[in-house]
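Structural features, examined
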Amino acid sequence: MVKDEEVDKAYTVAKQRYAEIGVDTDAAMKELEKVPLSVHCWQGDDIHGFLFPNQELTGGIGVSGNYPGIARTPDELTSDLHEALSLIPGKQRVQLHAIYAVTNKKRDLNTLEPEDFDYWIDWAKQEGIGLDFNGTFFSHPMVKNNFTVSSPDPKVRDFWIQHGKISREISNYIGEKLGKQVVNNFWFPDGYKDNPIDKKSPRLRMLHSLDEIIKKPLPEKNTIESFEGKLFGTGIESYTVGSHEFYQNYAISRNKLWTIDAGHFHPTEDVSDKFASFFPFGKGIFMHVSRPVRWDSDHVVIMDDALIRITRSLVRDGYLDKTHIGLDFFDATINRVAAWVIGARATQKSLLQAMLAPIQQLKDAELKQDYTTRLAETEELKSYPFGAVWDKYCLDHNVPVGMDWLNNIHQYEQDVQFKRDDKKVLVKEG
């Protein structure tokens, strides 16, 4: 176990080192406190939800692995989330999907009511956190031939338009009850497996459907919509209706947020390069932090080069005040609570490292065309002791330092998660 005095001693040295290049480590930690992460609930139960827990995942989504201790009930899932949040420094948020409604009434996605999420609102109040929301436009019989709101069948479109409207009402209700704005994210799995003849009509149908969904004005103090594009998906390899360009233009023209999911771009694209092109025109973004691996888009987030570039860009260009950051991954080959902690702490570390830089000095050197200083300082920063500052940040927020948090996970496995496999839970499908 890491001792407090060791952390303080290392931090004192690190603070001095950074001060020598004009960086205030205390200020950087205070800045990090202002950036909550929206932790996604679906990592805890492999995207089963509570409306149709036995429904097969469709829409290009799949979860591999069968690590023991999966959450099967609302109480188990919130218990796991509480454990994860207790190991992540600072106050965070939690993202929900519509399928996580908690109700004894028979519901479908087009008949949900805001009160079906009172369970989550009460829990969020106890935790002192905010919530974000996602309509669920996948894993449902009304996804016809990989189409929802852009379907040529008006009955299919009407079903999903109604669900979209309901998701906005739910988000508004949650925001009003919590007194915190809810980001309501929209993602649709629409597209073709092989090359279509008509690329125009599906996008026009989607455009009209989205306009119908957001037609009713809702107070932004309670909720705001964000739209998430995708390069391709399983089953829609050749044509994605909701492409990045489509949603970027839609977000700008409708004064909404654009969701950038780090896992939904071509592997050779630099996601961090999108920000400076979008922000001069757009309202803001919902940044889904994820990790693509070959054709998969949602591996557990680690502090890799892609994440470092993303956080550096957001910090250096001052975009954090217009950016909502959320996690989006699912992995059932490892402990599901540990996955949350690993991904969240990696994102926070990356943000902190970006903040621990003499940004204005580097910009001044660049403006003077002093590229020698720019290159030398950015290279030296890579070996600066930011890890000591991170440890101090964790200590100050009363969460385990270093690898100590893993001991909590192992204990939680033995005391809670592994015991679930010895008990049968009857789950009633809506």
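First, a word on what this report is: a plain description of the structure on this page. (Residues numbered from 1 in each chain as written. Predicted model: local features only at pLDDT ≥ 70, side-chain atom pairs only at ≥ 80, totals over all residues. Heavy atoms only, no water.)

1. Some thoughts on the nonpolar core
Convention followed: Definition used in this section: a nonpolar core is a set of buried Ala, Val, Leu, Ile, Met, Phe, Trp, Tyr and Cys residues joined via side-chain atoms within 4.5 Å. Note on exposure labels: buried denotes an accessible area under 20% of the residue type's maximum, exposed denotes more than 50%, and partly exposed covers the range between, all computed with a 1.4 Å probe on protein chains only. Helix and strand assignments come from DSSP, with helices taken as H or I runs of at least 4 residues and strands as E runs of at least 2, each series counted from the N terminus. Only heavy atoms matter for contacts: two residues are in contact if any of them lie within 4.5 Å across the pair.
Counting residues in each nonpolar core, the largest one holds 122 residues, and the members touching the most others are W120 and M287. The element that contributes the greatest number of residues to this core is helix α10 (residues 336-355), accounting for 11 residues. M287 has contacts with I260, A262, V271, F275, I310, T323, H324, I325 and G326, leaving out every residue within four places of it along the chain.

2. Concerning unusual backbone geometry
Leaving glycine aside, a negative phi is the common case for residues, and trans is the common case for peptide bonds. The backbone phi angle of D46 is positive, close to 60 degrees, even though this residue is not glycine. Mapped onto the secondary structure, D46 falls in the loop between β1 (37-40) and α3 (74-85). A relative accessible area of 8% places D46 in the buried class. For N255, which is not glycine, the phi torsion reads 60 degrees and is therefore positive. Note that N255 resides in the loop between α7 (244-254) and β8 (257-261). The partly exposed category is assigned to N255, whose relative accessible area is 43%.

3. Looking at helix α4 (residues 118-127)
Heads up, the rule is: Regarding the arc, it is the one traced by the directions from the helix axis to the C-beta atoms.
Burial in α4 covers these residues: W120, I121, W123, A124 and E127. Along the axis of α4, the buried positions cluster into a sector of 165 degrees, meaning they face one direction only. On the buried face of α4, the contacting elements are α3, β2 (93-97), β3 (130-134) and α5 (154-178). Immediately beyond the C-terminal end of α4, within one or two residues, lies G128, with a positive phi of roughly 70 degrees.

4. Things to note about the packing of aromatic side chains
What counts here: Within 6.5 Å between ring centres, the rings of Phe, Tyr and Trp (the latter by its six-membered ring) count as paired, and their orientation is classed by plane angle as stacked under 30 degrees, edge-to-face over 60, tilted in between. A ring is considered to have a charge above it if a Lys NZ or an Arg CZ atom is located within 6 Å of its centre and within 35 degrees of its normal.
Per the counting criterion, the structure on display carries 23 aromatic pairs. Between W120 and W123, the aromatic rings sit 5.8 Å apart at their centres with planes inclined by 90 degrees, giving edge-to-face as the arrangement. Placement of the pair is W120 and W123 together in helix α4, with a separation of three residues, close to one helical turn. Residue W120 is classed as buried on the basis of its relative accessible area of 0%. What makes W123 buried here is its relative accessible area of 8%. With centroids separated by 6.5 Å and ring planes inclined at 5 degrees, the aromatic side chains of F246 and Y250 adopt a geometry described as stacked. With F246 and Y250 both in helix α7, this residue pair falls four residues apart, about one helical turn. We note that F246, like Y250, is buried. Here a set of aromatic residues connected by ring pairs shows up, and it is made of F137, F159, W160, F186, F188, F227, F246, Y247 and Y250. The lysine or arginine in question, R17, covers the ring of Y384, its NZ or CZ lying 4.5 Å from the ring centre.

Keep in mind that these numbers describe shape and distance, not what the molecule does.
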